[in-house]
Structures are given as structure tokens and as C-alpha cells.
Amino acid sequence: MTGDDCIHIDDDLDGTTMTTKAVSTSSASTRTASRAALAMFGLLLLAYSVNAMDRMVFPVLLPDVTAEYGFTLGQSGLQATMFALGMGITGIPAGIALAKLGRKPLIVTGTVAFSVATIMTVASAGFTDMLAWRVLSGVGEALQLAAIMTVAAGAFPRHRGLAIGAVNMAFATGSVIGPLTAAAFLGHYGTWRAPMIAFGVLGLVVVLAVIIAVPRRFTEAATSALPDTHHHGGARSVLSWNPLLLGVITVLFGLVDFAYIGLYATYLRDQLGFTPGQAGLAVSLSGLAAFASPLGGWLTDRLDPRVCLVLLDLLTAVAAAALFLGPSTVAWQAVCSFLFGLFASSGVFVGLAGLLVKSVHIDAAGPASGIFITCIYVPAGISGYVFSRMVEGLGWVGAGIAQLVGFSVLGALLAVFLRPSRFSTTTRPHRSETS
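Since the structure is predicted, the reported quantities are computational estimates derived from the model, not experimental observations.

Let us look at helix α12 (residues 330–358). Over its 29 residues, α12 extends 40 Å from the first C-alpha to the last, a length consistent with the 42 Å expected when each residue adds 1.5 Å. Of all 29 residues that make up α12, 22 are buried, and the element is covered over most of its length.

In C-alpha cells:
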């Protein structure tokens, strides 16, 4: 072996060593970046959990509010649900604002808005100004939700459905913690104002943490900006076949889900003779089922969009039918309520949110999130009224079959006409393509 050969061998060995070290360093950096991304996303999910606490605490305190202000039953109902109108009218403008202002500013603005509205509710002089604060809380929630869903789509492009499922699970966490904590505060301080102020202040503390700890390079991440991903397909406008069809299906689902949320407990108590505790158990099990939301997101990422939505909508219809056609025992209603929450909240809700984002190019993810919020929360504002009118004409069972079962089946039928080939996909090139 000549000296030149030795030199070449040494050079090759040095190159191999350097390459190995570079790969090792790159892998370590990737792992560190992934952990940091998950931590920042976790903080955003905490902010959304506080959103859920703020939303769910008010219905628990409503009897005390009603007693103090002398509201009628109708006025109390409006105070409890008016946030949905605020969310619905803000959804599309929020999507537009995302494209112009960015996601972090909307997360901050939305969190501050619903936190301040929660605090100011305790200073209301009467029905009108309290209603205004409730609407503002919905506006803030819509801004925050649209931005966080878009962050989930951009920061985790290969697992958008799973990430959006995690967002819904964060809401479920807050919806469980909020009412329990509110009841404890109410019992300790003897006033409904204490938990409202506490949750409002918590929201302001969390938003301060978001400002400090979550940089815009994370919140504004987009698939198209990542060097190791390829983005294919998706409509350039939300005014395309798949987004519009999904919007219609979302409207139908809003009429189904919020009719259940608003009046199922009344059905249990007035029609079936359940005690408040028994009705509360059945309803709470539906909320507990929302913790399976990541599973719904996983299905959304992996199944054909038509198969996914048809399956979930039909399962929701079956669970709804079981609620109104099955036995009136506590055990039956509790189990079927859990299944309804599993298929509706963890399934259809997450599936529609994820598929609307996946139906468009990544640059249109913000408007798609806004469309989802508007299409689900505007119907939410009238779903209880529509359902109550159906009860007057058809009775509880007939109304349940017509609205909860019928609209779910109609959503499944419409889902058949989706065009899977036009949904966006995200892939990573082989190493040889990027080396």
C-alpha cells in the first residue's frame, strides 16, 4: 500500500467520521426541536383549556346569576348560549385576519378578549350589558380557536388530524376541570363572582406565558416553508367543492350536536323523570368521551375522507336513535350518551375540523378554520330553538329522530360526494432527494 493510498484511506475515514458526527448532531437537534415544539404546543393547548373553563363555568353559576338579577328562563337561556353567536359571526373574519395579522397575535387577542369578558361579567348592571360580555367572550374564543387550529395544521403537517384532535381533548380537559373548580370556589366564597374572576385572571396569566414562551416562528410555521416536506393538492380557495360541501355537513352537525348539548338533559328530567344527579351523570359521560379526540384525529389522517365521515356520522345517528328509542333506565342512557359523545365530539367534530383544513392548500388553512367555526357555531345558536319547535310538533322521540338522527344521516349521504383526490397531502422526500 502506497503512501497516497494511506492518505486517501485516512481522508475517507475522516469524511466518514465527520458525516457520522453531522448526522448524530442533526438527529439530536431534530429531537430537541421536536420537544420544544411539543412544549410550545402544550402551552397553547393550556390556553385553550382555560377557554373551556371560562365557557363551562358560567352555566354552573347561572342559577345564582338568575336569582340575583331576576332573569326569566328565556333570558337565562340566552345568557348561557349567546357566546355561540359571538363565535359564529367571528369565524370567517378570524380566518381572514389570520392571513393578514398572523396566528400569535390572534391567540393573544382572543385569550385576552374572553378573559376580560369573563371578569367584566361580574360587574354587569343588568341583562343587556351582561349579554354583551357573553358575546365578546365568544368573539375571543373564535379568534383563539381559529388560530390554534391553524397552528396545529402548520406545526404538525403530517399529523394534522391528530393535532386538531389534541386541541379538542384540551377543551374536554377544561370542560371537566372548570365546573368542578367553579363549584368549589362557589362553596368556599359564597358568591358566583369568585370563580368568574379566578378563571379570567388565569386566562391573563396564561396569555402572558404565551407571549414570552411561544415565538412567532413556531406559530407561523407552514408546510410550504419546511425544507424537508412536500405539499401536494388542496383547493386554493375555500369557495371550492370540498370545502363548501364540508361546510354544509358542518352546519348539519352543529344542529345535531348543540341540540343534544342544549336539551338532552331537559329530556331526561322532564320526559324520563331523571333526578338532576342522574341527568348530570349521563351528560357528563358525553363530555368524558371527548378525551378520545386524538383517536378521531388519527382516523382523519388515515382514512379516505368519505369513509371517515360516513362512518362517524352513521355511528352518531345510531347512538342518537338509541337515546330516544331505547330503555329509559339510567344505565342505558348513560352508556348511549357516552357513545354519542364518542362518535360526535371525538369523531365528527374532529373529523370535520381536520378535513376542512386538509381540503385546502396550507396557505388557506386560516380561512378554512374560520369556515369551520362559523358553520358550526351559527347553527349552534339556533339549534335549541329548532329542536324545541320540533318537540312541540313531534314530541321528544319524534324530534330526536328527525333532528339528531336525520341530520346525521343526511351528513353521511353528503359525505359520499367528497372528492378525496383533491385533498392536500404532505410527504417527506427520500434522503437521496435532500442530500
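Glancing now at the nonpolar core. A general feature of soluble globular proteins is that nonpolar side chains tend to end up buried together. If you look at the biggest cluster of nonpolar residues, it comprises 99 residues, and the most contacted ones within it are Phe41, Phe340, Phe372, Tyr377, Phe387 and Leu404. At 16 residues, the largest contribution of residues to this core is made by helix α13 (residues 365–415). Sequence-distant contacts of Phe41, defined by excluding residues within four places in its chain, comprise Ala152, Phe156, Ala163, Ala166, Val167 and Phe218. Ranked by size, the runner-up nonpolar core spans 15 residues in total, among them Val57, Phe71, Ala80 and Met130.

All chains considered together, the criterion is met by 14 aromatic pairs. Aromatic side chains Phe185 and Tyr189 sit 5.8 Å apart centroid to centroid with 25° between the ring planes, which places their arrangement in the stacked category. You can see Phe185 and its partner Tyr189 sitting in helix α5 (residues 160–189), four residues apart, about one turn around the helix. Between Phe387 and Trp396, the aromatic rings sit 5.9 Å apart at their centres with planes inclined by 70°, giving edge-to-face as the arrangement. The class for Phe387 is buried, based on a relative accessible area of 1%.

Let's shift gears to the pattern of salt bridges. Evaluation of the coordinates by the stated rule reveals four salt bridges. As a salt-bridge pair, Glu68 and Arg193 come within 2.8 Å of each other at their nearest N and O atoms. With Glu68 in helix α1 (residues 3–69) and Arg193 in helix α6 (residues 193–213), the pair connects residues that are 125 residues apart, well separated along the chain. Taking the shortest distance from any N to any O, the salt bridge between Arg389 and Glu392 comes out at 3.3 Å. Of this pair, Arg389 and Glu392 both sit in helix α13, separated by three residues, roughly a single helical turn.

The subject of this paragraph is the confidence of the model for the protein. Averaged over every residue, the pLDDT of the protein is 81; the share at 70 or more is 84%. Least confident of the elements in the protein is helix α14 (residues 431–434), whose mean pLDDT is 42; most confident is helix α11 (residues 305–325), at 95. Note on residues 1–13: pLDDT is under 50 here. Beyond four places in sequence and across chains, it has two contacts. Predicted confidence is poor over residues 431–435, with pLDDT under 50, and the contacts of this stretch with residues over four places away or in other chains come to two contacts.

Attention shifts here to the side chain of Gln333. Counting through the fold element by element, Gln333 comes out in helix α12. Residue classification places Gln333 among the buried positions, given a relative accessible area of 0%. Within the structure, Gln333 has its side chain in polar contact with the backbone oxygen of Pro327 (distance 3.1 Å). The contacts of Gln333, once residues within four sequence positions are left out, are Tyr264, Leu268, Leu272, Phe274, Ala282, Ala322, Leu323, Pro327 and Ser328.

Definitions and limits used
- Residues numbered from 1 in each chain as written.
- Predicted model: local features only at pLDDT ≥ 70, side-chain atom pairs only at ≥ 80, totals over all residues.
- Heavy atoms only, no water.
- Helix = DSSP H or I, 4+ residues; strand = E, 2+ residues; numbered from the N terminus.
- Expected span 1.5 Å × (residues − 1).
- Buried < 20%, exposed > 50% of the residue type's maximum accessible area, 1.4 Å probe, protein only.
- Core = buried A, V, L, I, M, F, W, Y, C linked by side-chain atoms within 4.5 Å.
- Contact = heavy atoms within 4.5 Å.
- Phe/Tyr/Trp six-rings, centres within 6.5 Å; stacked < 30°, edge-to-face > 60°.
- Salt bridge = Lys/Arg side-chain N within 4 Å of Asp/Glu carboxyl O.
- pLDDT = per-residue confidence, 0-100.
- Polar contact = N/O pair within 3.5 Å; in protein donor to acceptor, adjacent residues only side chain to side chain.

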